[in-house]
Amino acid sequence: MGVTPIGGKAPTLASMLQYSDEINYLCLRNKTLAQFRAGLLRREDVCDAEFLLQASAHHHGRPATYACPICGSEDLRIVTWVYGEALGRASGSARTPEEVAGLLQVGQQCSIHEVEVCPNCRWNQLLKARTITKL
Ligand SMILES: [Zn+2]
């Protein structure tokens, strides 16, 4: 006989992850954008996403809820990179939170970096770094 949860949803894989040690790079992002708008940085200085980063944003990224700050494209994407010994060969690859949850054993941790990438102008910027633990 199956067990039917009453009055609640079954936990998703992503909900089994606990986030901690968040470092927010919003100040750095704003500073970079301010320097670009002031003419202190050239477009090629800030729009330099490599092919791999652009491809990973396309395949593994999720749509951002806002437009690209450089070119205004609505195709801006957020891609999550994962790092850590517990991940084995998956360390240093782009993954969704669900995939990260599937890669970790209970109690294991890894670091994730969220990067915004514009496929139109190649703008890319680290947004935040966090530690995640599988519960
Ligand atoms: Zn752009």
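The structure this text deals with has already been given above.
Anyway, here's the lowdown on the structure attached to this text. Treat the numbers as computed from the prediction; the structure is a model and nothing was measured.

1. Describing the overall build of the protein chain
The secondary structure content of the protein chain amounts to four helices and six strands. For the protein chain, the spread of C-alpha atoms along the three principal axes comes to 65 × 30 × 25 Å. Residue burial in the protein chain is summarised as follows: out of 135 residues, 35% are buried. In the protein chain, which carries 14 positive and 13 negative side-chain charges, the distance between the mean positions of the two groups comes to 2 Å.

2. Some thoughts on the pattern of salt bridges
Considering all chains together, one arrives at seven salt bridges under this definition. One salt bridge in this structure joins Glu114 and Arg62, with 3.5 Å as the shortest N-O distance. Of this pair, Glu114 sits in strand β5 (residues 109–117) while Arg62 sits in strand β2 (residues 62–63), placing them 52 residues apart in sequence. Residue Arg130 is joined to Glu114 by a salt bridge in which the shortest nitrogen-to-oxygen separation is 2.7 Å. With a gap of 16 residues between them, Arg130 in strand β6 (residues 124–134) and Glu114 in strand β5 connect regions that are remote in the sequence. Since its relative accessible area comes to 7%, Glu114 is described here as buried. Through salt bridges with shared partners, one network takes in Glu22, Arg62, Glu114, Lys128 and Arg130.

3. As for the pairing of β6
The element β6 is largely enclosed, with a buried count of nine among its eleven residues. Judged from the six bridges that link them, strand β1 (residues 17–24) and β6 form a sheet pairing that is antiparallel. Following the sheet pairing, Gln18 is matched in β6 by Thr133. By the bridge criterion, nine bridges tie β5 to β6 in an arrangement that is antiparallel. Opposite Ser111, over in β6, you have Thr131 as the bridge partner. Here β5 folds back onto β6 in antiparallel fashion, the turn holding six residues, of which Arg122 has a positive phi close to 75 degrees.

4. Comments concerning the side chain of Ser56
With respect to the secondary-structure elements, Ser56 resides in helix α3 (residues 51–60). Apart from the residues within four sequence positions on either side, Ser56 is in contact with Gly61, Val79, Trp81 and Ala94.

5. Details of helix α1 (residues 26–37)
Taking 1.5 Å of rise per residue, twelve residues should cover 16 Å, and α1 covers 16 Å from first to last C-alpha, within 8% of that figure. Those residues of α1 that sit buried are Arg29, Thr32 and Leu33. Seen end-on, α1 carries its buried residues on one side only, within an arc spanning 95 degrees. Opposite the buried face of α1, at more than 90 degrees from it, the exposed residues are Cys27 and Lys31.

So, how was this worked out
- Throughout, a residue's number is its position along its own chain's written sequence, starting from 1.
- For this predicted model, a pLDDT threshold of at least 70 governs which residues receive local features, and a threshold of 80 or more governs which side-chain atom pairs are given and counted, while totals over whole chains, interfaces and linings are taken from all residues.
- Just so you know, side-chain values use all the structure's heavy atoms and leave hydrogens and water out.
- Helix numbers and strand numbers start at the N terminus; a helix is a DSSP run of H or I with at least 4 residues, a strand a run of E with at least 2.
- Three labels apply to residues, based on accessible area from a 1.4 Å probe with only protein chains included: buried if under 20% of the type maximum, exposed if over 50%, partly exposed otherwise in between.
- Counting rule for charge: Lys and Arg are taken as positive, Asp and Glu as negative, and neither His nor the chain ends is counted.
- Where a charge lies is defined by one atom per residue type, namely NZ (Lys), CZ (Arg), CG (Asp) and CD (Glu).
- Between Lys or Arg on one side and Asp or Glu on the other, a salt bridge is scored when a side-chain nitrogen of the former is within 4 Å of a carboxyl oxygen of the latter.
- The rule for pairing is simple: two strands pair if DSSP sees at least two bridges between them.
- Here a residue-residue contact requires only that any non-hydrogen atoms of the pair lie within 4.5 Å.
- Helix span is expected to be 1.5 Å times the residue number reduced by one.
- Our arc is simply the arc of the directions from the helix axis toward the C-beta atoms.

No statement about biological role is implied by the geometric values presented.
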